[in-house]
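Each chain, letter by letter, is given below.
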Amino acid sequence: MALLEVMNLRYGYEKNKNILKGISAEFEARKFYAILGPSGCGKSTLLSLIGGLEQPNAGKILYKGKQISELGLQNHRKQNVAFVFQNFNLLEYMTAEENVALVSELPPLPILKKMGLTQEEAKRNVKKLSGGQQQRVAIARALASERQLLLADEPTGNLDEEMAQEIIEILKESAYVHGKCVIVVTHSLELAGQADVVLTLKGGKLL
Amino acid sequence: MNFFKRAFKYCIRQRTKNMILFCIMSVIAIFLILSVSILTSSKNASLNVKGDVTGKLQLTIDETGNYGSGTGSQNGMSYIYNGDKITSKLIEAISKVEGVVDYNSETKECYYGAAVNFKYFSASFGGGFTPYGDASGITCVLSSKKSEKFESGVYKLKAGRHIQPDDQYVALMSDVLAEYNNLKVGDKIKLYLPSPADSIVELEIVGIYEGAEGAQSETMFLDDIDANVLYSDFNPGNDEYDEPDEYLDLTIYVEDPVNIRNVYNRIMDLPEMQGKTLKLEMDNSEYEQIVNPLTQVQKVIKILIIVGIIVSIIVLTLILNIWIRNRKQEIAILIALGNSKKNIFGQFLCEVLGVAMFAFVAVGVLVTALRGVLNDIIVRLIGDETISFSLQISSVQMLFMCIAGSVILVIAVSIVTYSIMRHKLVELFSKTD
């Protein structure tokens, strides 16, 4: 059974003006998905709907066979979804450890070390970390939450090539080793090329 | 990590903003505690004045339409009041009314008496109006303590006691006249009452008063010299001139000037008042003259408190709006991590209330320490020694400051977070990327 299923999703910010015009897809655990498309095609919007940040105008989103609207979007986000963003989106007044502690009661240091941060860097305020380090903290936070769905919106957008590739490897490891369903939104063909499944979005529909 | 911990970390790491919030909350707290303290203290001052100042009711004959048809003479027509007068029976009934503490009727030159066994200070018009020389006007009172010159403080009792309503054949003499005649409290004086009485009455000196001026040059009549004026009860004049025991006016003193209306109604309901041609009027002017400024201050302060609270909410809302809008990214992140809007609202509330508590404590300590100085400033501003104002800063006022200040913050934070969180999450999110 698919971990996540979207059925005939429609969504638009304005009435009678849908960005998504009937999206249907299935997503499984232990797989790395890429959603590819030009800017403004609705990739991030689709990710937001999957992540329970918004209700679709029409269609269904099923997680383990149950509609997420029945569970409640806030509960769906809390129990099932971990986000990674292009801008890292860490709380700037907290340290790396404290950002990870936002989602997990477990000690954050082991997972930060796994992400390649030292103990000293883990105790540093996130503003004093490099872009790559911050993205690692974001991924550590996502992994620490133990939620099965990992959604990443342009996770390598602000990173150089070398750092970007490191992040992609970590995301792939999340899928293959940690058993997560990793869905990455990107406009990078190179990143998309490393995914198990590539979904191309154009004109509000999947090609 | 729960919202308390997040709030704590934010507070200790965003010192500048929290210092600004601390200062703003301190100003609001000072305003709240001082305004409610002054309000409470001025109410207490009003109550103290109420205890020191009595209200008055004036009972008088109603002259309107109560004169007879008139009697003609070579000098023209003369009219005599033919309505009801104030009787002793009515006075006795009034004295028993709840709230009445005293009463007095005063008639200057009630009757005339020439000195028989003592001497008045002489005036220009001396001579033989009576076998005992000139007669001076006697002021009759029911209660000398409440007579005009004693009430106003011109005269003060120096020895003995005041004349009371149930006294008979007693007198109050000025100290200079008593000294002139070597008289003291307890001595008896004799007065000759001219025709038609043509009799001598004996009065006991029960009190000696000071404040009256003695002999002066170029004074025409005996009773133009203040010290010559004796106070006595009504009985000598009424008995010797066969006058009924009735009065034209009565001043009634009420214990609680605030409830003077109730006493007025009770007197008007007396059976002895029904159908009488008498009128009763309230005279609270002395009390109101003192208390009105305090009452006005209380009204102004109440308005200030309401306006101050509204302005505080507006100011805090504007400031917090700027600060919390700058945290949209944080809100979006926390929502994305699975926190509810209530949870995030709780964090913001904890942050501001945490800072506010420090402000309340600091202000409480400061205002308590400076209570004396603040009291002196306010007393100087009032400038009226009859009002005993004392600034009270108690736990009740502190509690009001904390509760009102907290409510202001809750309202301000609620308005701001609602205005931000009502946006669609997708919109909120897209604005942060």
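Everything numeric in this text was worked out from a predicted model, so none of it was measured. (Residues numbered from 1 in each chain as written. Chains lettered and ligands numbered in written order. Predicted model: local features only at pLDDT ≥ 70, side-chain atom pairs only at ≥ 80, totals over all residues. Heavy atoms only, no water.)

A.B. asks: Outline unusual backbone geometry, supporting the account with residue identities and numerical values.
C.D. replies: Excluding glycine, residues mostly carry a negative phi; peptide bonds, for their part, are mostly trans. Residues and elements named next belong to chain B. Residue P196 is bonded to the preceding S195 through a cis peptide linkage, with omega at 10°. With respect to the secondary-structure elements, P196 resides in the loop between β10 (188-193) and β11 (199-210). We note that N182 has phi near 55°; this positive angle belongs to a residue other than glycine. Here N182 shows up in the loop between α5 (175-181) and β10. (Helix = DSSP H or I, 4+ residues; strand = E, 2+ residues; numbered from the N terminus.)

A.B. asks: Before we move on, could you go through the packing of aromatic side chains and cite the residues and values that matter?
C.D. replies: Tallied over the full model, the rule gives 14 aromatic pairs over all chains. Aromatic side chains A:F83 and A:F85 sit 5.5 Å apart centroid to centroid with 5° between the ring planes, which places their arrangement in the stacked category. A relative accessible area of 2% places A:F85 in the buried class. Here B:F150 and B:Y231 contribute two aromatic rings whose centre-to-centre distance is 5.6 Å and whose plane-to-plane angle is 65°, an arrangement assigned as edge-to-face. In this pair, B:F150 sits in helix α4 (residues 148-151) while B:Y231 sits in strand β12 (residues 231-232), placing the two residues 81 residues apart along the sequence. Exposure class is identical for B:F150 and B:Y231. Each is buried. A network of ring pairs unites the aromatic residues B:F150, B:Y155, B:Y209 and B:Y231 as a single cluster. Geometry around B:Y264 places B:R261 over its ring, the cationic atom sitting 5.2 Å from the centre. (Phe/Tyr/Trp six-rings, centres within 6.5 Å; stacked < 30°, edge-to-face > 60°. Buried < 20%, exposed > 50% of the residue type's maximum accessible area, 1.4 Å probe, protein only. Lys NZ or Arg CZ within 6 Å of the ring centre and 35° of its normal.)

A.B. asks: I'd love a proper account of the environment of A:E166, names of residues and values included.
C.D. replies: On the secondary structure map, A:E166 appears in helix α8 (residues 161-176). Taking the C-alpha atoms as reference points, A:E166 and A:M115, separated by 51 residues in sequence, lie 10.0 Å from one another.

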